[in-house]
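# Structural overview for review
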Amino acid sequence: MDKFFITGPKRLKGKIWVSGSKNAALPIIAATILSPGNHLIHGVPDLMDVKTMGRLLEYMGAEFSYENSTVNIDAGCLNRFEAPYELVRTMRASVLVLGPLLARHGRARVSLPGGCAIGARPINLHLSGLEKMGARITLHGGYVHASAKRLKGTDIYFDTPTVTGTENLMMAATLAEGITRLENAACEPEIRDLAGALTSMGALINGAGEGVIEIEGVRDLTPMVHKVIADRIEAATFLVAAGITGGDVTIRNARSEDLEAVIIKLRETGISISEDENGIRATGPERPLACDLRTLPYPGFPTDMQAQFMALMSVAAGTSVIRETIFENRFMHVAELRRMGADITVEGSTATVKGVKNLKGAPVMATDLRASASIVLAALAAEGETVIDRIYHIDRGYERIEAKLRSVGADIKRI
Ligand code: EPU
């Protein structure tokens, strides 16, 4: 198994290019099920999760190829309408094929994802929404069995905004009969990007990225040519990397409009952020300042950046209080950061971080994608060598992270 060896502290300096967004690319790839013909998707990051989504489509009978950040898919010839347990358990986002399969083929058999490291993560809202649209849904043998003649547009209210739930139902509604209104829908930029891709296929969608999305179903869709937006979480992770090392890094290809909450919080910690035609530039202070935060659905502070901010707060001057409100168990990084000398206590969904002057390198373990990113950040600032085991987690969501960090002066090796 690969490991990272990181020796710090090193001030990062230079420019980093941000890849396409993982969480936008995955639903957009699933959306190709909605229409036969050759889809072309550009800006797709070279990640394990993208490969898994490709394998899933191939398993169902689609043609899938990936080269130079471009995915080519023809899902016109599907002969299996199933997402098997072996694939779903390695990537929960596999559940995104449910809506498109049901809308276009009238049937789907999708393994229930089960819990994961960061929480129980049920999909009840995906299922009840599809049922409201007329699907027959049963659960047995660990699988969701769904069928429908043609889905029917209706009004659906999400008890809690769900990103993939909104995406699943938005895709399903594009081919449904009549109008579907999704209320209290998730507003993440990835939803807007998916809506853009669907619109380019001929779907009629209004309000994506706002709380209420209205979709008027059409009979057929056509293949898309689409470019995926830049990954806001990767960009934000590199902004923290600059800040935590007292460095000076410009992030190219990033979209500051997707990062407002993160940028405001970074500024509170004393990191200077500016933007010009070259990208977003972060200049770190000698030592960051403590700051409190609470994760919330977009446009609130993203849960996908909570772990990385906690690494930053670990070395800040003062005490920070971090509340995680989206997932019930997203503090797996705390034990690893503590091994590096961080002073963090957790009570329920609240972590209190008393900043220490220096972290120290240690052997640690990656436990989930964003937790791994937080450990990498801590290691960049820590004194001495940190060895991070199980980095396959980080390969799921960060494209060539070690090459990118090395290009701005980090001492990081994959062995
Ligand atoms: N929820 C329900 N019922 C549902 C669906 C969700 O109760 O049917 C709850 C969840 O348990 C959670 C909350 O709603 O408490 C929000 O979860 P959401 O459904 O929005 O999460 P998701 O769609 O499974 C996506 C991202 C995650 C990101 C979350 C929150 C993708 C592929 N995944 O997950 O990304 O953390 O939204 O922003 O888009 C990551 O990239 O590291 C990652 C975990």
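Before going further, it helps to examine the overall build of the protein chain. Within the protein chain, the regular secondary structure consists of 14 helices and 24 strands. In terms of C-alpha radius of gyration, the protein chain reaches 21 Å, essentially the compact-globule figure of 22 Å for 415 residues. Dimensions of the protein chain, computed from the C-alpha atoms along their principal axes, are close to 65 × 40 × 40 Å. For the protein chain, the residues scored as buried account for 58% of the 415 residues in total. Considering only contacts in the protein chain between residues 6 or more positions apart, those separated by 24 or more positions represent 74%. Surface exposure of the protein chain reaches about 16100 Å², of which carbon and sulfur atoms provide 48%.

Here we take up helix H11 (residues 332-339). Among all positions of H11, only His333, Val334, Glu336 and Leu337 are buried. Residues of H11 that are buried make contact with helix H10 (306-314), strand S20 (343-347), strand S22 (363-365) and helix H12 (369-381). A positive phi of about 105° marks Gly341, the residue just after H11.

What follows deals with unusual backbone geometry. The omega angle of the peptide bond from Gly8 to Pro9 is -10°, so this bond is cis rather than trans. For Pro9, the location among the structural elements is in the loop between strand S1 (4-8) and strand S2 (13-17). Cis geometry is found at the peptide bond from Tyr298 to Pro299, where omega equals 10°. Take Pro299: it is sitting in the loop between strand S18 (293-294) and H10. Positive phi is not limited to glycine here, since Ser69 has a value of about 65°. Here Ser69 is to be found in the loop between strand S4 (63-67) and strand S5 (70-74).

Moving on, we get to the pairing of S4. Here five bridges tie S4 to S5, and the two strands are oriented antiparallel to one another. The partner of Phe64 across the bridge, within S5, is Ile73. Hairpin remark: S4 followed by S5, antiparallel, with two residues in the connecting loop; positive phi at Asn68, about 50°.

If you check the shell around the ligand, you find 21 residues, and the closest are Asn124, Thr162, Thr164, Asp304 and Ile326. The separation between an oxygen atom of the ligand and a polar side-chain atom of Thr162 is 2.7 Å. When contributions to the shell around the ligand are tallied by element, the ones reaching two or more residues are helix H1 (22-31), helix H5 (124-132), helix H6 (163-174) and H12. When residues in the shell around the ligand are grouped by element, the largest group, three residues, is from H5. Considering only residue class, the shell around the ligand consists of nine nonpolar, seven polar and five charged.

Turning to the packing of H6 against helix H7 (residues 189-200), a few remarks are in order. Contact geometry for H6 and H7: axes closest at 10 Å, N-to-C directions at 15°. With respect to their mutual orientation, H6 and H7 come out roughly parallel. Between H6 and H7 lies a crossing whose hand is right-handed. Every residue of H7 that contacts H6 at Val163, Thr166, Glu167, Met170, Met171 and Thr174 is listed here: Glu190, Ile191, Leu194, Ala195 and Leu198. Here the contact of H6 with H7 is built from residues that sort into seven nonpolar, two polar and two charged.

The full count for this structure, using the stated rule, is one aromatic pair. Ring centres 4.9 Å apart and planes at 80° place the aromatic pair Phe301 and Phe309 in the edge-to-face group. Take Phe309: its relative accessible area is 0%, and that puts it in the buried class. Directly above the ring of Tyr59 sits Arg80, whose terminal nitrogen or CZ lies 4.0 Å from the centroid.

This paragraph deals with the environment of Ile205. Within the secondary structure, Ile205 is located in strand S12 (residues 204-206). For Ile205, a relative accessible area of 17% translates into the label buried. Placed 11 residues apart in sequence, Ile205 and Glu216 show a C-alpha to C-alpha distance of 6.6 Å. If we ignore the near neighbours within four places in the chain, the residues touching Ile205 are Met170, Thr174, Ala195, Leu198, Thr199, Ile213, Glu214 and Ile215.

Turning our eyes to something else, we now look at the sheet that holds S20. What holds strands together in a sheet is hydrogen bonding between their backbones, with the strands either parallel or antiparallel. One open sheet holds the four strands; their spatial order is S18-S19-S21-S20, and the pairing between them is mixed. The open sheet is flanked by S18 and S20, the only strands paired with a single partner. Here S18 runs beside strand S19 (residues 319-323); their pairing, made up of two bridges, is parallel. Pairing of Leu293 across the sheet is with Ile322, part of S19.

Conventions we followed
- Residues numbered from 1 in each chain as written.
- Predicted model: local features only at pLDDT ≥ 70, side-chain atom pairs only at ≥ 80, totals over all residues.
- Heavy atoms only, no water.
- Helix = DSSP H or I, 4+ residues; strand = E, 2+ residues; numbered from the N terminus.
- Rg over C-alpha atoms; globule rule 2.2 N^0.38 Å.
- Buried < 20%, exposed > 50% of the residue type's maximum accessible area, 1.4 Å probe, protein only.
- Contact = heavy atoms within 4.5 Å.
- Areas by Shrake-Rupley, 256 points an atom, 1.4 Å probe, with all protein chains shown as cover.
- Pairing = 2+ DSSP bridges.
- Near = heavy atom within 4 Å.
- Polar contact = N/O pair within 3.5 Å; in protein donor to acceptor, adjacent residues only side chain to side chain.
- Nonpolar A, V, L, I, M, F, W, Y, C, P; charged D, E, K, R; others polar.
- Axes fitted to C-alpha atoms, helices over the stretch in contact; angles between N-to-C directions.
- Parallel < 35°, antiparallel > 145°, perpendicular 65-115°, else oblique.
- Left-handed = near helix turned anticlockwise from the far one by under 90°.
- Phe/Tyr/Trp six-rings, centres within 6.5 Å; stacked < 30°, edge-to-face > 60°.
- Lys NZ or Arg CZ within 6 Å of the ring centre and 35° of its normal.

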